[in-house]
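# Report on the structure
Now for the letters of each chain:
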Amino acid sequence: MSKNILIVDDDKEIVNLIEIYLTNEGYNSYKAYDGEEALQVIDKCNISLIILDIMMPKIDGLEVCNKVREKLNIPIIMLSAKNQDSDKIKGLLLGADDYMAKPFNPLELMVRVKAIFRRIYEFDKNSDELKDIDTIVIGPLKIKKSTHQVEANNKIIALTSTEFEILHILANNTGRVFSAEEIFQRVWKEKYYQSNNTVMTHMSKLREKLDAVLEGEKLIHTIWGVGYKIEKKTYI
């Protein structure tokens, strides 16, 4: 079944250009030209991914991202003419899965769209290094790979697809320390640059969500100068 992708940008030429590339890749496109219209489309349609500009009239992309994350875990790729780390970090902290600065290469955007769908629906399917355990239990936390569901103390923890993948990598390999570079390469499937703080930003948001439900129990440990790890687990 073809996936539905919502393109949100007040520049109609950019929307039309992205639509052409998405159509060529076999995706169905929905269009919105401001944040208010985007939220209406999301409420009415079964959207699989959102390509979302930041600077828009009525409701900007950051607010749209925030409102979507209150209810849904739809993957979001943010677009912005701003190329400052602060804008990128703010978008990622609000729950965006990826970020591209304008002007961008439409072919690269298509690669990122495919990468997100691959991560969601075929997460580590062909990896020989990671174990194939569907349900992981660590104390009160239960992580179910097949449904991308995480819960603790009878509460569902709403994670983005990227946050889930980071958690699953650590939980499925307890005791092993993963560097930020290794996590980035496994999740984003791209080359890592030393100044890249994407993993740190997602890790901060992931920890915040876990801490809110785990009642002070520390799950992810930072090994300073090395990386991140989770201590132990049992299987079901």
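Since we're looking at a predicted model, the values are computed, not measured. (Residues numbered from 1 in each chain as written. Predicted model: local features only at pLDDT ≥ 70, side-chain atom pairs only at ≥ 80, totals over all residues. Heavy atoms only, no water.)

## Describing the overall build of the protein chain
What the protein chain contains, in helices and strands, is eight helices and 12 strands. Counting all 236 residues of the protein chain, 50% fall into the buried class. In the protein chain, the proportion of contacts linking residues at least 24 apart, taken out of those at least 6 apart, comes to 60%. When the accessible surface of the protein chain is summed, it comes to about 11900 Å², and 48% of that surface belongs to carbon and sulfur atoms. (Helix = DSSP H or I, 4+ residues; strand = E, 2+ residues; numbered from the N terminus. Buried < 20%, exposed > 50% of the residue type's maximum accessible area, 1.4 Å probe, protein only. Contact = heavy atoms within 4.5 Å. Areas by Shrake-Rupley, 256 points an atom, 1.4 Å probe, with all protein chains shown as cover.)

## Quick notes on the UniProt feature "modified residue: 4-aspartylphosphate" (unreviewed entry) in the protein chain
Feature annotation in UniProt assigns "modified residue: 4-aspartylphosphate" (unreviewed entry) to the following positions: Asp-53. Mapped onto the elements, Asp-53 comes out in strand E3 (residues 49-53). The class for Asp-53 is buried, based on a relative accessible area of 2%. Apart from the residues within four sequence positions on either side, Asp-53 is in contact with Val-8, Asp-9, Asp-10, Gly-61, Leu-79, Ser-80 and Lys-102. (UniProt positions renumbered as here; feature names shortened; annotations may be inferred.)

## Comments concerning the pairing of strand E6 (residues 135-138)
Taking every second residue as pointing to the same face, both faces of E6 are buried, with Thr-135 and Val-137 on one and Ile-136 and Ile-138 on the other. Connecting E6 to the antiparallel partner strand E7 (residues 141-144) that follows it, the hairpin turn spans two residues, and Gly-139 within it adopts a positive phi of roughly 60°. (Pairing = 2+ DSSP bridges.)

## Structural notes on the sheet that holds strand E5 (residues 98-101)
Sheet architecture is open: five strands sit in the order E2-E1-E3-E4-E5, paired in parallel fashion. Single-partner strands in this sheet number two, and they are strand E2 (28-32) and E5. On average, each strand axis in the sheet is inclined to that of its neighbour by 20°, with strand direction left out of account. Direction of pairing for E3 relative to strand E4 (residues 76-80): parallel, over a ladder of four bridges. (Axes fitted to C-alpha atoms, helices over the stretch in contact; angles between N-to-C directions.)

## Concerning the confidence of the model for the protein chain
Confidence in the prediction for the protein chain averages 84 pLDDT; 89% of positions are at 70 or higher. Here strand E12 (residues 234-235) is the element of the protein chain with the lowest mean pLDDT, 46, and strand E1 (residues 4-8) is the one with the highest, 96. Throughout residues 123-131 the model reports pLDDT below 50, and contacts reaching past four residues in sequence, or to other chains, amount to 18 contacts. (pLDDT = per-residue confidence, 0-100.)

## Comments concerning the layout of surface pockets
Empty space among the atoms becomes apparent when a probe as large as a water molecule is rolled across them. Reported here for the second largest pocket is a volume of approximately 240 Å³. Along the wall of the second largest pocket there are 12 residues; nearest its centre are Asn-73, Pro-75, Ile-120, His-148 and Ser-161. At the level of elements, helix H5 (106-121) and helix H6 (161-171) are the ones that each hand at least two residues to the lining of the second largest pocket. Considering only residue class, the lining of the second largest pocket consists of seven nonpolar, five polar and no charged. (1 Å grid on protein atoms, 1.4 Å probe; cavity = no way out; pocket = protein on both sides within 12 Å on 5 of 7 lines; lining within 4 Å. Points joined across faces, edges and corners; volume = space filled by probe spheres on them. Nonpolar A, V, L, I, M, F, W, Y, C, P; charged D, E, K, R; others polar.)

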